[in-house]
Amino acid sequence: MQNRYFCTPLKNVNNMSVIQTIRNKYIGIVVGAIVVALIGFLVMDAMQSNVRSVFSGDQTLLADINGTRIEAKEFEMLRSKYEDNMKSREKGKTLSDEERTQATEQAWNDIINETLVGGESEKLGLDLTDKELQDMLTGPYADPMIQQSFADPNTGIFDPSRVSQYLNTLGQDKTGAERAKWKDFEDAIIKAKKISKYNDMITKGIYIPSFVVKQLGKDNSAISSISYVQIPYSTVSDSTVKISDAEITDFMKKNEKLFMTLEAAARAEYVTFDILPSSADTAESLGVLNGMKEAFAATTDNEEFIAKNSEESMRDFYYNEKTLEAPAPLEIINAEIGSVTGPFYFKDGYKMIKVLDKKQMPDSVKASHILLAITEQRNEEQAKAGIDSLFDMVSKGGADFAQLAAARSDDNGSGKKGGDLGYIPQGAISTEFSDACFNGKTGDLKIAKSQYGYHLIKVTDQKEFKSSVKVAVVSKVLQAGTATTQAAFAKANDFTAQAKDAKSFNDAAKKMGKDKRIADRITKTQSLVQGLGNARDFTRWMYDAKIGAVSPIFNLDDKCIVANLVSRQEKGSMPDIASERPQLENLLKREKKAKMIAEKYKGKTSLDEIAAASQSQVMSADTVSYAQGSAALASEPKVIGAAFDKSLTGKVSNGIGGEQGVYFITVKNIVAGTEPDPTMQMIMRRQAEQQIMQQASQMISFILKRNAKIDDRRSNFF
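Read on for an overview of the structure.

The rules behind these values
Residues numbered from 1 in each chain as written. Predicted model: local features only at pLDDT ≥ 70, side-chain atom pairs only at ≥ 80, totals over all residues. Heavy atoms only, no water. Helix = DSSP H or I, 4+ residues; strand = E, 2+ residues; numbered from the N terminus. Expected span 1.5 Å × (residues − 1). Buried < 20%, exposed > 50% of the residue type's maximum accessible area, 1.4 Å probe, protein only. Arc of directions from axis to C-beta. Contact = heavy atoms within 4.5 Å. Patch = residues over 30% accessible without salt bridge, like charges linked within 9 Å, V, L, I, M, F, W, Y side chains within 5 Å. Areas by Shrake-Rupley, 256 points an atom, 1.4 Å probe, with all protein chains shown as cover. Salt bridge = Lys/Arg side-chain N within 4 Å of Asp/Glu carboxyl O. Pairing = 2+ DSSP bridges. Axes fitted to C-alpha atoms, helices over the stretch in contact; angles between N-to-C directions. Core = buried A, V, L, I, M, F, W, Y, C linked by side-chain atoms within 4.5 Å. Phe/Tyr/Trp six-rings, centres within 6.5 Å; stacked < 30°, edge-to-face > 60°. Lys NZ or Arg CZ within 6 Å of the ring centre and 35° of its normal. Lys, Arg positive; Asp, Glu negative; His and termini not counted. Polar contact = N/O pair within 3.5 Å; in protein donor to acceptor, adjacent residues only side chain to side chain. Parallel < 35°, antiparallel > 145°, perpendicular 65-115°, else oblique. Left-handed = near helix turned anticlockwise from the far one by under 90°. Nonpolar A, V, L, I, M, F, W, Y, C, P; charged D, E, K, R; others polar.

Next up on the list: helix 18 (residues 482-498). Helix length check: helix 18 (17 residues) gives 25 Å between terminal C-alpha atoms against 24 Å at 1.5 Å per residue, within 8%. What helix 18 keeps buried is the set T484, A488, A492, F495 and T496. Summarising the axial view, the buried residues of helix 18 lie within an arc of 115°, below the 170-degree limit, and thus occupy one face. In this structure, helix 18 carries T482, A483, Q486 and A497 as exposed residues pointing more than 90 degrees from its buried face. Lining the buried residues of helix 18 we find strand 4 (265-274), helix 11 (279-298), helix 19 (502-511) and strand 15 (559-569).

Let us look at a nonpolar patch on the surface. Together, L262, M699, F702 and I703 line one region of the surface with nonpolar side chains, adding up to about 310 Å² of accessible area. Relative to the assigned elements, M699 resides in helix 24 (residues 678-707). What makes M699 partly exposed here is its relative accessible area of 39%.

This part is about the sheet that holds strand 15. A sheet is described by the order of its strands in space; here four strands give the open sequence 11-4-15-14, paired in antiparallel fashion. Each edge of the open sheet carries a strand with a single partner, namely strand 11 (517-522) and strand 14 (554-555). Taken together, the ten bridges between strand 4 and strand 15 define a ladder with antiparallel strand orientation. What sits directly across from V271, in strand 15, is V562. The sheet contacts of helix 19 involve strand 4 and strand 15, and relative to strand 4 the element is tilted by about 30°.

Here the focus is the sheet that holds strand 1 (residues 61-65). Spatially, 2-1-19 is the arrangement adopted by the three strands of the open sheet, whose pairing is antiparallel. Looking at the sheet topology across the chains shown, the edges are occupied by strand 2 (68-71) and strand 19 (710-712). Within this sheet the neighbouring strands show an average axis-to-axis angle of 20°, counted without direction. Here four bridges tie strand 1 to strand 2, and the two strands are oriented antiparallel to one another. Paired with I65 across the two strands is T68, which belongs to strand 2.

By size, the foremost hydrophobic cluster in this structure holds 23 residues, and its most contacted members are I65 and W108. Breaking this core down by element, the ones donating at least two residues are strand 1, helix 2 (72-89), helix 3 (97-124), helix 7 (177-203) and helix 24. The biggest single contributor to this core is helix 3, with seven residues. In this view, W108 contacts L62, A63, F75, I710, D712 and R714; residues no more than four positions away in its chain are not counted. Residues V229, V241, A594 and Y601 belong to the second largest nonpolar core, which totals 20 residues.

Turning our eyes to something else, we now look at the pairing of strand 1. A large share of strand 1 lies buried, amounting to four of its five residues. Counted along the chain from strand 1 to the antiparallel partner strand 2, the turn is two residues long, and its residue N66 has a positive phi close to 50°. Bridge count between strand 1 and strand 19: three bridges; the pairing is antiparallel. Considered in strand 19, the bridge of I65 is made with I710.

Under the counting rule described, the total for this entry stands at 38 salt bridges. Of the charged contacts, one joins D127 and K194 as a salt bridge, the two residues approaching to 3.8 Å between their closest N and O atoms. With D127 in the loop between helix 3 and helix 4 (130-138) and K194 in helix 7, the pair connects residues that are 67 residues apart, well separated along the chain. On the accessibility criterion, K194 (38% relative accessible area) is partly exposed. In this structure, the salt-bridge partner of E304 is K308, at a minimum N-O distance of 3.0 Å. Residue E304 and its partner K308 are located together in helix 12 (residues 302-309), separated by four residues, close to a single helical turn. Look at E304 and you get partly exposed, because its relative accessible area is 38%. By relative accessible area, K308 is classed as exposed at 62%. Taken together, the shared-partner salt bridges in this structure form one network comprising E76, R79, E83 and R100.

On to the packing of aromatic side chains. A complete count under the given rule lists 19 aromatic pairs for this structure. A centroid spacing of 5.3 Å and a plane angle of 85° characterise the contact between F495 and F505, whose relative ring orientation is edge-to-face. Taken together, the residues span a long stretch of sequence, with F495 in helix 18 and F505 in helix 19 at a distance of ten residues. Of the residues examined, F495 reaches a relative accessible area of 0% and is grouped as buried. F505 gets classed as buried once you look at its relative accessible area, which sits at 0%. Site record: aromatic cluster; members linked through ring pairs are F75, W108, F717 and F718. In this structure, R315 packs its charged tip against the face of F317, placed 4.6 Å from the ring centre.

A word on the side chain of R685. Here R685 lies in helix 24. Buried and unpaired, R685 has no salt bridge, with E689 as the nearest side chain of opposite charge at 4.2 Å. Engagement of the side chain of R685 in a polar contact is seen with the side chain of S210, the distance being 2.8 Å. The residues contacting R685, other than those within four sequence positions of it, are Y207, I208, P209, S210 and V213.

Across the interface, helix 11 lies against helix 12 with an axial gap of 10 Å and an inter-helix angle of 160°. The angle between the axes of helix 11 and helix 12 places the two elements in the roughly antiparallel class. Both helix 11 and helix 12 take part in a crossing whose hand is right-handed. Contacts between helix 11 and helix 12 pair M292, A295 and F296 from the former with N302, F305, I306 and N309 from the latter. Tallied by class, the residues present in the contact of helix 11 with helix 12 amount to five nonpolar, two polar and no charged.

Structure representation (structure tokens):
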């Protein structure tokens, strides 16, 4: 069969000459095409990465704080350290999204605080001298962490010579690991001391003058008696009071500092498409457990069976009626050893429970303990040796447990009470501590190790012994299957096909019967959203999209969402009117109503006249305190202030706009307060100064941050 061509084949053409012609004439085009493709690939890759732009410049700069460079690596090391600390407290379990966010925010806030305080301290010439550092390590007022870590094991009293001995041994550390640990520890207490020194410079300068204390005492002891008429705001219909955009804008400008944001914030509306397990998903989960019930009952290696087939691990723990998680715990407690109960639904999935053992266990135990924590300056071996020594002192030497706890325990809370922890319910403490308390008898003295260190535990009482069981649990979390998930995404796709902008988003929501929900004041680095959990892709989109844009479908744990970006407020800017109207409209309406009501009854010469005209009644408040008000007027500070206005004695006041309505008052009598005696003045001054000092301590970091120039680029990395 002859070949058919759509064009005539070339004849007598040298193949090599064709290739050479291509090389000579088209090499520039080919190279250009390759370059364009590479650039396109890089841009696409950058858009999909967390950094999101390979052309954004400095790839290691996390932030710039008042000109101080913060490296991403520095932040990541601190964040990882905080996460590791959390894991050690939780025995290495996987951290939740909330816990990871907490560690991230703690690291960021600590870096900001240290940087800003460091900058201010440098300007003021504040620093730590070598003598101060030495005093922090070996002086009579050494840092509390130093005192705790270098106490004499026999007396519990801080021994400075032990610090010196430890520092001398660092020279023999061939690996450098111990020196590195000490440097981290020393750096931490130096940073803390510098911040404390700066804060003390401010708070210790707070002083309340005598004339202020005297006037405060007189005001607080003054008493007034008034009559009043209250006219509720509801007497003016909302429909008659309109608030314009101009009025909201004017209010925001007058109160600019209240609305000016310290960091960027975005607002979005979204609709959800729930991915919930169907009846078919339920039947599948139930069928899996039913299929293995006989094997579960027959197995002799319960631990291996649980490891292979369950979504929760074995626990060496005895449960009673209160602690066993099942819909009918008594049914399981009364079952025979080796029997399997279930499958049954409980909380978020299906379970089968096999009874392994039974015994009588106390419902709660009263115990005391002495904790020797494992720290950077006291390793596990030293903590164990110390707790063994304490055990011998109590069991063999007759030492008083309570006195030792007060002197030696690293748990300061219980140490002050002689180590007493009170009554501990079963399941409320770590497994190791629980075993020592519950698997013994009153009077036992035991040693246990926990994630905190070594404990010397004294069991002082056990009560309410109950039947308890040790169990093995096979559980399967009930989850949506593939078909269920695909159905939810299909609905979300239908929605996005209709929603292309803000108007069509609203129309599609109404058409599909979807309630719009609000994600408000979302920051640039935020990952957790109330009601959604971890939604980092969603929050990142809020800063990449244009106002009014409709999002792609975001897949979350048990739902998918589609959003419309309503507004975005940049750092240091005022929010848009629409986002603030819901909260400001009611406030401004109340102000307008107050003026309308005050004007309506202006010129009335008696409260009886006002009461008759407003169909209200005249009320009395005979013991109005300047400091605390009265039971009826506790939430009306403007009215309480007016109650001590002598010019209103026997006269009717103008309308006073309060929280609940408009008040017209007449002062009947004012009993002037008395000046406090010198002793009381001293007490009042101390209390007032301490209150202001506490407020100042909390406000220092906030004010420094508000006034700082911070270029935050965390969103490029997380």
